[in-house]
Every structure is written in C-alpha cells, then in structure tokens.
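The primary structure of each chain is shown beneath.
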Amino acid sequence: MGVSTEFLFRVAFDVPEVREVGKGPLGIRRIARVSGGSFEGPKMRGVCLPNPGGDWLLFADDGSARLDVRVVLKTDDDAIIYMTYGGVRHGPPEVLAKLAAGERVDPAQIYFRMVPRFETGSEKYAWLNSIIAVGTGERLPTGPVYHVHQVL
C-alpha cells in the first residue's frame, strides 16, 4: 500500500535576521527570527504573525541543517494556528555555500524537507490537530518557502 498526499498550502516566511550562537557540542547553532509571511491553499489562507516566531537551526560539520521552527499562523477568518516543525536541509557543499552566501539555488539541488504539526482551538480548523503533514522547501534570500501536504 502506497502513501498518498493532498496539497494543503504554500507558506513563505520572512526571515530578516539570523543570529550566530556559535559552535557547541552538537554543532553550530543559529537562531533565525521569523518576522512574518503568508500562506495559501485550497482550504486555508492567511499570514504568519511576527511574534513569536523563529527557527533554532543546528548545522553539523557536513553542512547539513536541522530545523526546529515555531510559528503562529492567522487565517483570513481570524483563526489562530500554532505550527511547529522539524526538518532537514542538505546538499552538495558548493550548493550549500551558495545558499549560505544568500544566493538563490535550484531547489532540485538540495534536499529540504519538513514535518509540521498543528495546534488550534478553532472548530473550523480542528482537523489540523490530528493529521500528519510533510513539506518540501526552498530557501530564498528573504526566507524559506514550503509546499505542505497532508498525508492521507
């Protein structure tokens, strides 16, 4: 039996600054502030609220990044949805170097995946509380963009 998915939404986050914490026992830690953004799909659309929101990135010696993101979404009908996700981004060193320099790279050249979870008290969007979702990403100079799908 295979796995089927259904497109939920495209989300683009604004990330104006990334702070370097430095190299610790697990790798290089950077904290990226998410200052806004927007999302849109067939069942929901809205904006990413500026606070709180961030990504606690951990970079390994091989250049791969582990994502630990927490954001608050507000739908166009005023529902609040907490979205958190883990993920991974890796690729060839020369492509990751371009990405680190703020250059746009072809998303096919990197592996960029995330697994979001949702929490909401909204009756309309309560179905989000009990689904599994996955997403593919790309990194633009302004921040990440994801295409999120529900696993059916």
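Student: I'd like a description of the packing of aromatic side chains, backed by residues and values.
Tutor: One pass over the structure, following the stated rule, counts 5 aromatic pairs. Judged by centre distance (6.2 Å) and plane angle (75°), the ring pair of Phe9 and Phe118 falls under edge-to-face. Within this pair, whereas Phe9 is found in strand 1 (residues 5-14), its partner Phe118 is found in strand 9 (residues 111-120), the two being separated by 109 residues in sequence. Between Tyr85 and Tyr146, the ring centres sit 5.1 Å apart and the planes meet at 75°, which makes this aromatic pair edge-to-face. On the criterion of sequence distance, the pair formed by Tyr85 in strand 8 (residues 80-90) and Tyr146 in strand 11 (residues 143-151) is long-range, its members being 61 residues apart. Given a relative accessible area of 3%, Tyr85 falls into the buried group. Overall, Tyr146 belongs to the buried group, its relative accessible area being 1%.

Student: Explain the pairing of strand 11 to me, using residue names and the numbers behind them.
Tutor: Relative to strand 11, strand 1 runs antiparallel, the two being bridged by 7 bridges. Residue pairing across strands places Phe7 opposite His149, the latter belonging to strand 11. Bridging between strand 10 (residues 132-140) and strand 11 involves 9 bridges; their strand directions are antiparallel. Looking at the pairing, Val134 lines up with His149 of strand 11. Between strand 10 and strand 11, which pair antiparallel in sequence order, lie 2 residues.

Student: Give a detailed account of the pattern of salt bridges, specifying residues and quantitative values.
Tutor: Applying the stated criterion to the full structure yields 10 salt bridges. Glu40 is the salt-bridge partner of Arg45, the closest N and O atoms lying 3.5 Å from each other. According to the relative accessible area criterion, Arg45 is partly exposed, its value standing at 37%. Residue Glu40 is classed as partly exposed on the basis of its relative accessible area of 48%. Note that Asp68 is salt-bridged to Arg70, the shortest N-O span being 2.9 Å. Its relative accessible area of 28% is what places Asp68 among the partly exposed residues. Residue Arg70 is classed as partly exposed on the basis of its relative accessible area of 32%.

Criteria and cut-off values
Residues numbered from 1 in each chain as written. Predicted model: local features only at pLDDT ≥ 70, side-chain atom pairs only at ≥ 80, totals over all residues. Heavy atoms only, no water. Phe/Tyr/Trp six-rings, centres within 6.5 Å; stacked < 30°, edge-to-face > 60°. Helix = DSSP H or I, 4+ residues; strand = E, 2+ residues; numbered from the N terminus. Buried < 20%, exposed > 50% of the residue type's maximum accessible area, 1.4 Å probe, protein only. Pairing = 2+ DSSP bridges. Salt bridge = Lys/Arg side-chain N within 4 Å of Asp/Glu carboxyl O.

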